Amino acid sequence: MLNTYIIGASGYTGAELAKMVYTHPHLNLAGLYVSANSLDANKPLSELHGQLKGIVDLPLTPLVDPAAVAAQADIVLLATAHEVSHDLATMFLSKGCQVFDLSGAFRVKGDDFYSQYYGFEHQHQQWLEKAVYGLAEWNSQAIEQAQLIAVPGCYPTASQLALKPLLKSGLIDKNQWPVINAVSGVSGAGRKASMVNSFCEVSLQAYGVFGHRHQPEIATHLDCDVIFTPHLGNFKRGILATITAKLAPGADAEKVAAAMQKAYQSQAGQHAVRLLGEQTASIQNVVNTCFCDIGWKVQGQHIILTSAIDNLLKGASSQAMQCINIRNNYPQLTALV
Ligand SMILES: NC(=O)C1=CN([C@@H]2O[C@H](COP(=O)(O)OP(=O)(O)OC[C@H]3O[C@@H](n4cnc5c(N)ncnc54)[C@H](OP(=O)(O)O)[C@@H]3O)[C@@H](O)[C@H]2O)C=CC1
Ligand SMILES: CC(=O)N[C@@H](CCC(=O)OP(=O)(O)O)C(=O)O
């Protein structure tokens, strides 16, 4: 059994992780942590997340001595804000722990990226260089070898899983940037109260227009420029991305279907993508599951793809668990289906 610790366990993704680690046959849920001065210190996790009552009643321990945690840990899951993960990760790494970071702190290599999009100067360039991007269906070979895995963002997961098969097969005309419009439920903003996620303030609307940090994350890892516009919807969880792109000369519906099959044809249980063909993806079918559903339709030289995930699961915690499974040679969907 691998001793597994969750930092940021009281948050939305942290609570999902706690349930998964608890049910995993090879992981021992060894400790749940919150910040040193957390208002929730020492409360049972199940007091905050009632669905875990009788399942995960472990207390939320204040993280006052990360080195002591590191000394006991095989695996550390950082379900913390970008700056917190940035500051904590290297200490766990230096003690030899496997670190799976759900934040954006180690996702994108590149000068000035963090100062421009995250508002802080990255202080750990060597680890940033070594970090492996945890897009499970596409990076498994690198994930198997990595000590630090940067779990992708939620919008980037939905977007890349749909576009990557077509780009890899040369079926997209990159001169016309794919256009990604995506709607997220409010849990994407985390559990902490703020005006953005306040019930009476939430209305379906675009945000981060031409400035969201996920645009460069998507473009970098796809190696293709994109137009990306996120929207906030008045529902709790789930993301639907609707993506419009121009096909390359010679590409057609048959070639698109073949590229999708080639990318995601392996047997059930080995990855978390479900192909819908000409059906459209819906949030209802993926919420509370680890799956990304992808549908598409071709008309002439254009394609419209729809891609749906649960932002807290395939967009964060279940993708982190897929990465743990890959890294430790367990079946990829262990504890997820
Ligand atoms: N929500 C989503 O859909 C997605 C989130 N992510 C990323 O995952 C990470 C977690 O997100 P989410 O679960 O939504 O966040 P939440 O805001 O819901 O939870 C954050 C957690 O971190 C804890 N925390 C805050 N400061 C510290 C600290 N210094 N040391 C230890 N723990 C701390 C909080 O508890 P307390 O404040 O009481 O200490 C809380 O448990 C973020 O980086 C987010 O960007 C990625 C993809 C999707
Ligand atoms: C609805 C909402 O606010 N969503 C978040 C994205 C959450 C996510 O994917 O996380 P990372 O911050 O880890 O990249 C946002 O737009 O900032």
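Residues numbered from 1 in each chain as written. Chains lettered and ligands numbered in written order. Predicted model: local features only at pLDDT ≥ 70, side-chain atom pairs only at ≥ 80, totals over all residues. Heavy atoms only, no water.

### Re the domain arrangement of the protein
So, step 1. One can read the domain layout of the protein as domain 1 (2-130) and domain 2 (154-313).
So, step 2. Counting residues at the interface gives 15 residues for domain 1 and 14 residues for domain 2.
So, step 3. The three residues of domain 1 that bury the most area against domain 2 are Tyr 12, Arg 107 and Tyr 117, which together make up 47% of that side's buried surface.
So, step 4. Glu 217 is paired through a salt bridge with Arg 107; the nearest N and O atoms lie 3.0 Å apart. (Domains from an automatic or database assignment. Contact = heavy atoms within 4.5 Å. Buried area = accessible area lost by both parts, 1.4 Å probe. Salt bridge = Lys/Arg side-chain N within 4 Å of Asp/Glu carboxyl O.)

### Quick notes on the UniProt feature "active site" (unreviewed entry) in the protein
So, step 1. What UniProt calls "active site" (unreviewed entry) maps, in this numbering, to Cys 154.
So, step 2. Turning to its location among the elements, Cys 154 is positioned in helix 8 (residues 154-168).
So, step 3. Note on Cys 154: relative accessible area 13%, which makes it buried.
So, step 4. With near-sequence residues (within four places) excluded, Cys 154 lies in contact with His 214, Ile 239, Ile 309, Asn 311 and Gly 315. (UniProt positions renumbered as here; feature names shortened; annotations may be inferred. Helix = DSSP H or I, 4+ residues; strand = E, 2+ residues; numbered from the N terminus. Buried < 20%, exposed > 50% of the residue type's maximum accessible area, 1.4 Å probe, protein only.)

### Some remarks on unusual backbone geometry
Residues other than glycine predominantly adopt negative phi, and peptide bonds predominantly adopt the trans conformation.
So, step 1. Even without a glycine there, the phi angle at Asn 42 is positive, about 70°.
So, step 2. Among the structural elements, Asn 42 can be located in the loop between strand 2 (27-34) and helix 2 (45-48).
So, step 3. Overall, the relative accessible area of 54% leaves Asn 42 in the exposed class.
So, step 4. Phi at Asn 329 takes a positive value of approximately 60°, unusual for a residue other than glycine.
So, step 5. Within the fold, Asn 329 resides in the segment after helix 11 (313-327).

### Overview of the site of ligand 2
So, step 1. Looking at ligand 2, there are 15 residues lining it, with Arg 107, Cys 154, Tyr 207, Arg 213 and His 214 nearest.
So, step 2. One of the backbone N or O atoms of Cys 154 is found 2.9 Å from an oxygen atom in ligand 2.
So, step 3. In this structure, an oxygen atom belonging to ligand 2 sits 2.7 Å away from a side-chain N or O atom of His 212.
So, step 4. Protein chains bury 85% of the 430 Å² of accessible surface belonging to ligand 2 in isolation.
So, step 5. Taken together, the residues that form the shell around ligand 2 break down as 6 nonpolar, 7 polar and 2 charged.
So, step 6. Domain assignment of the residues forming the shell around ligand 2 places at least three in each of domain 1 (2-130) and domain 2 (154-313). (Near = heavy atom within 4 Å. Polar contact = N/O pair within 3.5 Å; in protein donor to acceptor, adjacent residues only side chain to side chain. Areas by Shrake-Rupley, 256 points an atom, 1.4 Å probe, with all protein chains shown as cover. Nonpolar A, V, L, I, M, F, W, Y, C, P; charged D, E, K, R; others polar.)

### Focus on the pairing of strand 11 (residues 239-246)
So, step 1. Residues of strand 11 alternate between two faces, with Ile 239, Ala 241, Ile 243 and Ala 245 buried on one and Leu 240, Thr 242, Thr 244 and Lys 246 left unburied on the opposite face.
So, step 2. The sheet contact formed by strand 8 (residues 179-184) and strand 11 spans 6 bridges and is antiparallel. Opposite Ile 180, over in strand 11, you have Ile 243 as the bridge partner.
So, step 3. Here 8 bridges tie strand 11 to strand 14 (residues 302-309), and the two strands are oriented antiparallel to one another. Across the sheet, the residue bridging to Thr 244 is Ile 304, located in strand 14. (Pairing = 2+ DSSP bridges.)

### Describing the sheet that holds strand 10 (residues 227-232)
So, step 1. Read from one edge of the open sheet, 7 strands run 9-10-8-11-14-13-12, paired in mixed fashion. A single partner strand is all that each edge strand has here, and the edge strands are strand 9 (205-206) and strand 12 (273-277).
So, step 2. Pairing between strand 12 and strand 13 (residues 292-299): 4 bridges, direction parallel. In the sheet register, Val 273 faces strand 13, and the bridge partner there is Cys 292.
So, step 3. On top of the sheet, helix 10 (residues 253-264) reaches strand 12, strand 13 and strand 14; it is set at about 165° to strand 13, its chief contact. (Axes fitted to C-alpha atoms, helices over the stretch in contact; angles between N-to-C directions.)

### Section: the pattern of salt bridges
So, step 1. Scanning the model with the defined rule gives 7 salt bridges in all.
So, step 2. We note a salt bridge from Arg 274 to Asp 293, for which the minimum N-O separation is 2.7 Å. Placement of the pair is Arg 274 in strand 12 and Asp 293 in strand 13, with a sequence separation of 19 residues.
So, step 3. Judged by relative accessible area, Arg 274 falls into the partly exposed class, the value being 30%.
So, step 4. For Asp 293, a relative accessible area of 2% corresponds to the buried category.
So, step 5. Three or more residues are tied together by salt bridges with common partners; here these are Glu 16, Arg 237 and Asp 310.

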